[in-house]
Number of protein chains: 4
Amino acid sequence: MTIKVAVAGASGYAGGEILRLILGHPSYLSGDLEIGALTAGSSAGTPVADLMPHLPQLADRIIEDTTVEVLSGHDVVFLALPHGHSAAIGKALEDTVVIDCAADFRLQEAEEWEHYYGSAHQGTWPYGIPEMPGHREQLQGARRIAVPGCFPTGATLAALPAVAGGLIVPDLAIVSITGVSGAGKKASVGLLGSEVMGNLKAYNTAGRHRHTPEVIQNLSEVTDEEVTVSFTPVLAPLPRGILTTITAPLKEGVTQDAAYETYRAFYAEETFVHLLPAGQQPQTQNVLGSNMCHVQVEVDERAGVLLLTSAIDNLTKGTGGAAVQCMNLALGIDEAAGLPQAAVAP
Amino acid sequence: MTIKVAVAGASGYAGGEILRLILGHPSYLSGDLEIGALTAGSSAGTPVADLMPHLPQLADRIIEDTTVEVLSGHDVVFLALPHGHSAAIGKALEDTVVIDCAADFRLQEAEEWEHYYGSAHQGTWPYGIPEMPGHREQLQGARRIAVPGCFPTGATLAALPAVAGGLIVPDLAIVSITGVSGAGKKASVGLLGSEVMGNLKAYNTAGRHRHTPEVIQNLSEVTDEEVTVSFTPVLAPLPRGILTTITAPLKEGVTQDAAYETYRAFYAEETFVHLLPAGQQPQTQNVLGSNMCHVQVEVDERAGVLLLTSAIDNLTKGTGGAAVQCMNLALGIDEAAGLPQAAVAP
Amino acid sequence: MTIKVAVAGASGYAGGEILRLILGHPSYLSGDLEIGALTAGSSAGTPVADLMPHLPQLADRIIEDTTVEVLSGHDVVFLALPHGHSAAIGKALEDTVVIDCAADFRLQEAEEWEHYYGSAHQGTWPYGIPEMPGHREQLQGARRIAVPGCFPTGATLAALPAVAGGLIVPDLAIVSITGVSGAGKKASVGLLGSEVMGNLKAYNTAGRHRHTPEVIQNLSEVTDEEVTVSFTPVLAPLPRGILTTITAPLKEGVTQDAAYETYRAFYAEETFVHLLPAGQQPQTQNVLGSNMCHVQVEVDERAGVLLLTSAIDNLTKGTGGAAVQCMNLALGIDEAAGLPQAAVAP
Amino acid sequence: MTIKVAVAGASGYAGGEILRLILGHPSYLSGDLEIGALTAGSSAGTPVADLMPHLPQLADRIIEDTTVEVLSGHDVVFLALPHGHSAAIGKALEDTVVIDCAADFRLQEAEEWEHYYGSAHQGTWPYGIPEMPGHREQLQGARRIAVPGCFPTGATLAALPAVAGGLIVPDLAIVSITGVSGAGKKASVGLLGSEVMGNLKAYNTAGRHRHTPEVIQNLSEVTDEEVTVSFTPVLAPLPRGILTTITAPLKEGVTQDAAYETYRAFYAEETFVHLLPAGQQPQTQNVLGSNMCHVQVEVDERAGVLLLTSAIDNLTKGTGGAAVQCMNLALGIDEAAGLPQAAVAP
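This structure is a prediction, so every number in the text was calculated from the model and none was measured. (Residues numbered from 1 in each chain as written. Chains lettered and ligands numbered in written order. Predicted model: local features only at pLDDT ≥ 70, side-chain atom pairs only at ≥ 80, totals over all residues. Heavy atoms only, no water.)

(A) The UniProt feature "active site" (unreviewed entry) in chain A, seen in detail. Residue and element names in this part refer to chain A. The UniProt record marks Cys150 with the feature "active site" (unreviewed entry), using the residue numbering of this structure. Following the sequence through the fold, Cys150 ends up in helix H8 (residues 150–164). Residue Cys150 is classed as buried on the basis of its relative accessible area, which comes to 12%. The contacts of Cys150, once residues within four sequence positions are left out, are His211, Ile242, Ile312, Asn314 and Gly318. (UniProt positions renumbered as here; feature names shortened; annotations may be inferred. Helix = DSSP H or I, 4+ residues; strand = E, 2+ residues; numbered from the N terminus. Buried < 20%, exposed > 50% of the residue type's maximum accessible area, 1.4 Å probe, protein only. Contact = heavy atoms within 4.5 Å.)

(B) Quick peek at the interface of chain A and chain D. Across the contact, 42 residues belong to chain A and 43 residues belong to chain D. When the area that chain A buries against chain D is broken down by residue, the three leading residues are Leu200, Gln285 and Arg302 of chain A, summing to 17%. Viewed at the interface, chain D and chain A are joined by four salt bridges. The residue Glu298 of chain A makes a salt bridge to Arg208 of chain D at a minimum N-O spacing of 2.9 Å. At the boundary of chain A with chain D, the tally comes to 20 residue pairs in polar contact (both at pLDDT 80 or more). Secondary-structure elements contributing two or more residues to the side of chain A that touches chain D are helix H6 (110–117), strand E7 (171–178), helix H9 (193–196), strand E8 (201–202), strand E9 (228–235), strand E10 (242–249), strand E12 (293–300) and strand E13 (305–312) of chain A. At five residues, E9 of chain A tops the list of elements feeding residues into the side of chain A that touches chain D. For the side of chain A that touches chain D, the per-class residue count stands at 21 nonpolar, 14 polar and seven charged. (Buried area = accessible area lost by both parts, 1.4 Å probe. Salt bridge = Lys/Arg side-chain N within 4 Å of Asp/Glu carboxyl O. Polar contact = N/O pair within 3.5 Å; in protein donor to acceptor, adjacent residues only side chain to side chain. Nonpolar A, V, L, I, M, F, W, Y, C, P; charged D, E, K, R; others polar.)

(C) Expanded view of the relation of the copies chain A and chain B. It takes a turn of 180° to lay chain A on chain B, together with a shift of 0.0 Å along the axis; the resulting RMSD is 0.0 Å. In symmetry terms, the pair is related by a two-fold rotation axis. A symmetric contact is evident, with 100% of the interface residues of chain A recurring at the interface of chain B. (Least-squares fit on C-alpha atoms with pLDDT ≥ 70 in both.)

(D) Geometry of the interface of chain A and chain B. Facing the 28 residues of chain A at the interface are 28 residues of chain B. Counting each side, the surface lost to burial between chain A and chain B is near 2300 Å², with a carbon and sulfur contribution of 64%. Ranking the residues of chain A by area buried against chain B places His54, Val344 and Pro346 of chain A at the top, with a combined share of 26%. Seen at the junction of chain A and chain B, the total is zero salt bridges. At the surface where chain A touches chain B, the tally comes to eight residue pairs in polar contact (both at pLDDT 80 or more). Listed by contribution, the elements that provide at least two residues to the side of chain A that touches chain B are helix H1 (13–23) and helix H3 (48–51) of chain A. Sort the elements by how many residues they give to the side of chain A that touches chain B and H1 of chain A lands first, with three residues. Of the residues in the side of chain A that touches chain B, the class split is 16 nonpolar, nine polar and three charged.

Given below as structure tokens:
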């Protein structure tokens, strides 16, 4: 039987990336999976040709309204909507696999949600980083999935083995440098090409960024120690990509070899996390358009810290690729299906 | 039986792009096609991990020397070498499908070759733009193929229906704006990031660019009139993409509707040429990493000219994608296999 | 007596550029010129610190409303407003030197204005390209000045000697590739960093761009032949800079040497037009932040055309620098005062 | 009497920036300062027109060999040479003010020098950050000056008040994101436009970068506590600019207001350090081409750290502007002469 997939919020960057990946997915190419409704808010009624000319196969499709009626009758619904819409849609689509790219169901603690998002907490869904211990199992066959934020994905995959393996005191100084597509496809003076090209700026600094509690939550799952995070996101002049650098105090006696081996072992079976050869640093261009996370770990003896770095494409492993990876797990098909490992470099 | 493919010049941008596409090719994924020798010049002996970290599946492979011994025993050999090496290799690999990304066998006239390349002409191989009348047939089952230059691909696909359809006097003013990967992966002060970002410059102007005679040759195939081309390549600050703009004197009585219909009809059956809705201009970001050529045609009545525009990814439809498309034709498999139509946008 | 200068529309890119130049102007540094009112529309009431952090000397200034009351009492008023506001302000400020960066008073023919701008023609003011024959004299001591459009500046300076000198048949194919600041500081999805980086696209093609009649008007001043212009503007991923390439049919007998000498002689006395050594093409990075226009001329014998190229910074020589150059002429001070010739490269 | 200035290494980015600033220096414009010899290594004999077309005023100058003979007879010699050449030239030019942009005379401890540079230590010259306590006095009238590294300038100015004021435990996690011109104008595959655009990568991580000991040395001047620095430089796709982010453990009881006031007071008299309004983060575009350092300080209570950020143009305040600021101090002229405070934004 053909699986029918809808995308709500199809005209944004996350929606477009999900569609790009689905169009290359072997289940789509073999006819086992079909693309149903594509919905949006203000763009409803517009042909895909006008909104996403990079998807010529869908050029003649018309964007529909994001309503429960339009979305029902699908086997899988991807939500690529702003925060706050997921609960209502999720409730209405009982028999559907709902994969939510918004933040609504990511956080476990209601207090954290309310502090950072300023509205009532709606609950928690299985959290879509299959590479976190225990998560793959939760995602297999799940009918509700919360796709992680782009920054938490890069930071979590960079730090997880070090925190789980007790290589560091988990007081992390995280600087994540991001391309501008992470800010979405909404008109804004601060995101104009003139303002971002030739420019670097930190924003939502000093604990204000909403992804901070998500990182703390993820890392706290693998340690009993208290995790603290100083998070500094930086906007850089590229469309896609997040480079995350993390330093934390090295625990006594941890050597470079031991740290590297911890990482090697932790990710040995993972298709989408690639530990680089020792001494080679991740580069965002090497994950462009791919679902990979490249990582590296380095002891800085003189400073007494461990340096953890990762590179992801914020729209692929950081959003749309993670969503498709989660769909594969939910549907019980090959987890890696339709997800490029090779990047569009240079 | 498994098809065995080698890439000579694997460490450059064209070689890397061919490999990226092969790694996603359904024949590779099903095991019907395997990647054999990867060769290069000065990089021989280096692991792929060091040279092309964007291809993690090949990380452990070692680049070998480009020799006939290493390349023989393959069913398909892609040559992504500088000009001047193809003839010798081609002669030695009798039973192999040789797909040459260099210019060596593109031009028909020895005099043109000698004028532009300064060496003896080696001959002409079937020319790899399947969308040119008669070329698909030549490429099907071919054992020698000359992959076109990136600029000629964009210019030819933009102008072909207008020239063939007699919409214009074929005196073309072509301005092709290109990303910098077209210049290859060779250290050079003029191509440093500092020199190309924030910068625009024309180069090899006034008939000096080697792709000029190739464009003239292609367009002359579809008209009896003499074709003249003024070609101005411009280097722009992006890694990939060529936007080509062409103007030529409009023939009397040609209307916008007739011109658009000529283009629609000409490319109606083509998978990789996409005529945009009337009024929408091609954008290079909408073909990034895809094998598509987006085109548009517009009558400028007041100026009395026809404006033809196209966008391609110089490394995909402009080189590596064209090479794989030609391989598919040569091997008799689905022409579109492994070639993305959706682009990595934004 | 101190000259008092106001800028209306100070918070936009043109206004900011005028202020940057004034802050480095010797008359300002010596105290002979002071900066009075800075006005805007919706930003009125905001400190400059919030809107233009690149001008720290003015950080504490507050943007005022754009009204005749606020602007009166100044010796010079720069208008950096959208089209349509200049006539009313101009009428009200009788004794003031008004330098208008909008299009309102650029065109001589009412019909052209109405066709391209869709409103009633308000008249024509002295046109601020001092390098055009006769214009410097009109600008000296003028009380009303229309600053030219950025594209017309680049195209006019590139083509003027060729048209005036009869080197070409004046049927020009102009392609002008521009940085995105030319589109102004207004929120728009199409100008988001994500949409412009890694992207090239033509827009307002086939005679639709409003700068087309301005170029025709300028070039028609120096020839009796009918001038036709096919104008193709292209948006490229850089903040500032316009590279203009022009081809036109070469008149018989014109040699490379004669063409170059025509250009050399035409601009021999001009401070802000720099003919590059023969064979060297203009680059926008070499005029970044400077008031220069770099030009080159090349015969393409085989194609039978003349290639004319120029590079300007659209915000400096293309707008704010031209405005200050005009102010200098209007006030009778050194035309070059405060206008950098050296660029911020790389 | 006219001051005669030479630049050794004039064809590189630092040399070009010094010349750009000198050409706009009031002493140059008034004729009190003239530009003498311009020298380089392999470019000797080449006209400036070919090497630095952005300096049209010097187009006809010919680059000379870097020899003591050529450099002698000048009042000021700027050395913009690779490390290792300064000592010999410095010894030979006894009566000249020598301003060295290389690292040779920056470090005080021979052991640090030898560890990081692998050659014998040549000594220490007055260190050119006038904003460091006591340094302005050393620089006034100095005949030998070591211009600081670009990263140390950004990091030192960001951290100095916090370290001096005891706001933090001086264990600093520094991430400095830089444009590519910092790597110089030398052909290299890793710095090709194709490799840096669309890319982010850390390099010389984990204590390996040579600027690490320079930062430690600077900050140790203002505290008795031991300073440790984890330094992570990141290459980003822009030509110029360094954004530095620093976190360090907050000392107990330090409030946001107290931290901000410490910074305000520390830099109250400084022309070239601009503390932004509270809550506004530095952006590199706002210092492009200017000699400014924009700084900000923020308490992150939950993480228990202080966040310090700064933006500079690596070629201006980071090299060439610092060199000219030092020249002004050495010659006893206005420290700010010829040094822009307004930036070329956007």
